[in-house]
Amino acid sequence: MKVRIAPSILSADFGKLADDIAMVVDGGADMIHLDVMDGHFVPNITFGEKMIGAVKKLTSLPLDVHMMVSEPEKYFESFAGAGASGMTIHVEAAPHLQRQLARIRQLGCWAGAAINPGTSLVSVREVVADIDLLLVMSVNPGFGGQEFIPASLDKIARARHMLDEFRSSAALEVDGGVSRETIHDVWRAGADTFVAGNAIFTASNPQVEIKALRMLCVETV
Ligand code: DX5
Ligand code: ZN
């Protein structure tokens, strides 16, 4: 399974965003993770369509848009139009999850479903056929730089099991507190896509950090 590293620009310096993006692109990032927060679903506000459009102009890497917003369907068209490659919505904010996921695919994007640490995997079981990506949150969303919740490992393993059981080829993404300390265990549990904000952008050399994270996703003896 290919390991994909997705730097979250939440921890980038917005004053020199173009430089920060170029740096992680050159460092081997596989996609750029954009954390959209609305101050309602999560207690923080970040950015929306304009930022997606700005980042789109800076890189040809896929844009992995993580929508921590209530009523995500209000933004599907504009985000897809701005250049989102994939849109991930939270099941906690999506009462019509199947329809919403189908709509994302209709717009030509990959469809992702995210679950908070307190949300059971059962909530996504019925829509496995409708997802291209399952995002298991390993922190409570809202802020970068939080500590990885250890109980996430067992959940990631169960998520892997569930996807395999359904013969799903959906990516299994983990977001929150991913660092040199945690990534190996997260990979062993079965994740293939790793979001990292703080670990990459506060590193003295973010490019080395991306490589270091990737190199930890191997079997050790
Ligand atoms: C948290 C966001 C994350 C965040 C990860 O609400 O969804 O993508 O940027 O940041 P780190 O890697 O710093 O935990
Ligand atoms: Zn995120």
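Notes on the structure follow.

Criteria and cut-off values
Residues numbered from 1 in each chain as written. Chains lettered and ligands numbered in written order. Predicted model: local features only at pLDDT ≥ 70, side-chain atom pairs only at ≥ 80, totals over all residues. Heavy atoms only, no water. Donors = N, O, S within 2.8 Å, 3.2 Å for Na, K, Ca; no water. Tetrahedral: all angles 85-135°; square planar, octahedral: opposite > 155°, others 65-115°. Helix = DSSP H or I, 4+ residues; strand = E, 2+ residues; numbered from the N terminus. Buried < 20%, exposed > 50% of the residue type's maximum accessible area, 1.4 Å probe, protein only. Arc of directions from axis to C-beta. Contact = heavy atoms within 4.5 Å. Polar contact = N/O pair within 3.5 Å; in protein donor to acceptor, adjacent residues only side chain to side chain. Lys, Arg positive; Asp, Glu negative; His and termini not counted. Salt bridge = Lys/Arg side-chain N within 4 Å of Asp/Glu carboxyl O. Near = heavy atom within 4 Å. Areas by Shrake-Rupley, 256 points an atom, 1.4 Å probe, with all protein chains shown as cover.

A short note on the coordination of the zinc ion (ligand 2)
For step 1, the next point in the chain: Each protein donor to the zinc ion (ligand 2) is listed here as His33 (NE2), Asp35 (OD), His66 (ND1) and Asp175 (OD); together their distances run 2.0 to 2.2 Å.
For step 2, the next point in the chain: Between the six donor atoms coordinating the zinc ion (ligand 2), the angles at the centre fall across 71 to 169°, so the site counts as octahedral.
For step 3, the next point in the chain: In primary sequence terms, the donor set of the zinc ion (ligand 2) follows H-x1-D-x30-H-x108-D. Note that Asp35 is positioned in strand E2 (residues 32-37) and His66 in strand E3 (residues 63-68), a separation of 31 residues in sequence. Across the pair, exposure class does not vary: Asp35 and His66 are buried alike.

Observations regarding helix H9 (residues 206-215)
For step 1, the next point in the chain: Regarding H9, the residues found buried are Pro206, Glu209, Ile210, Ala212 and Leu213. Seen along its axis, H9 keeps its buried residues to an arc of 165°; they face one direction.
For step 2, the next point in the chain: Its buried side turned inward, H9 meets strand E1 (4-7), helix H1 (17-26), helix H7 (183-189), strand E8 (193-196) and helix H8 (198-201).
For step 3, the next point in the chain: Structurally, the start of H9 carries an N-cap: the backbone nitrogen of Gln207 is 3.0 Å from a side-chain oxygen of Asn205.

Quick word on the side chain of Asp35
For step 1, the next point in the chain: Arg4 is the oppositely charged side chain nearest to the buried, salt-bridge-free Asp35, at an N-O distance of 15 Å.
For step 2, the next point in the chain: Of the polar contacts made by the side chain of Asp35, one reaches the side chain of Ser8; its length is 2.6 Å.
For step 3, the next point in the chain: Here His66 takes part through its side chain, which lies 3.1 Å from a polar atom of the side chain of Asp35.
For step 4, the next point in the chain: Excluding its chain neighbours within four sequence positions, the residues that come into contact with Asp35 are Ser8, Leu10, Thr46, Phe47, His66, Met68 and Asp175.

Describing the site of ligand 1
For step 1, the next point in the chain: Contacts to ligand 1 come from 20 residues, most closely from Asp35, Gly142, Gly145, Asp175 and Gly197.
For step 2, the next point in the chain: Ser8 has a polar side-chain atom sitting 3.0 Å from an oxygen atom of ligand 1.
For step 3, the next point in the chain: Here an oxygen atom of ligand 1 and a backbone polar atom of Asn198 are 2.9 Å apart.
For step 4, the next point in the chain: Relative to its free-state accessible area of 380 Å², ligand 1 is covered by the protein chains to the extent of 99%.
For step 5, the next point in the chain: Going through the elements one at a time, E2, E3 and E8 are the ones with two or more residues in the shell around ligand 1.
For step 6, the next point in the chain: A total of three residues in the shell around ligand 1 trace back to one element, the largest contributor, which is E2.

Some thoughts on the pattern of salt bridges
For step 1, the next point in the chain: Applying the stated criterion to the full structure yields 12 salt bridges.
For step 2, the next point in the chain: Lys2 is the salt-bridge partner of Asp30, the closest N and O atoms lying 3.2 Å from each other. Of this pair, Asp30 sits in the loop between H1 and E2 while Lys2 is found in the segment before E1, placing the two residues 28 residues apart along the sequence.
For step 3, the next point in the chain: Among the residues examined, Asp30 registers a relative accessible area of 16% and is labelled buried.
For step 4, the next point in the chain: A salt bridge links Arg188 to Glu219; its shortest N-O distance comes to 3.4 Å. In this pair, Arg188 is assigned in helix H7 and Glu219 in the segment after H9, connecting sequence segments 31 residues apart.
For step 5, the next point in the chain: Overall, the relative accessible area of 54% leaves Arg188 in the exposed class.

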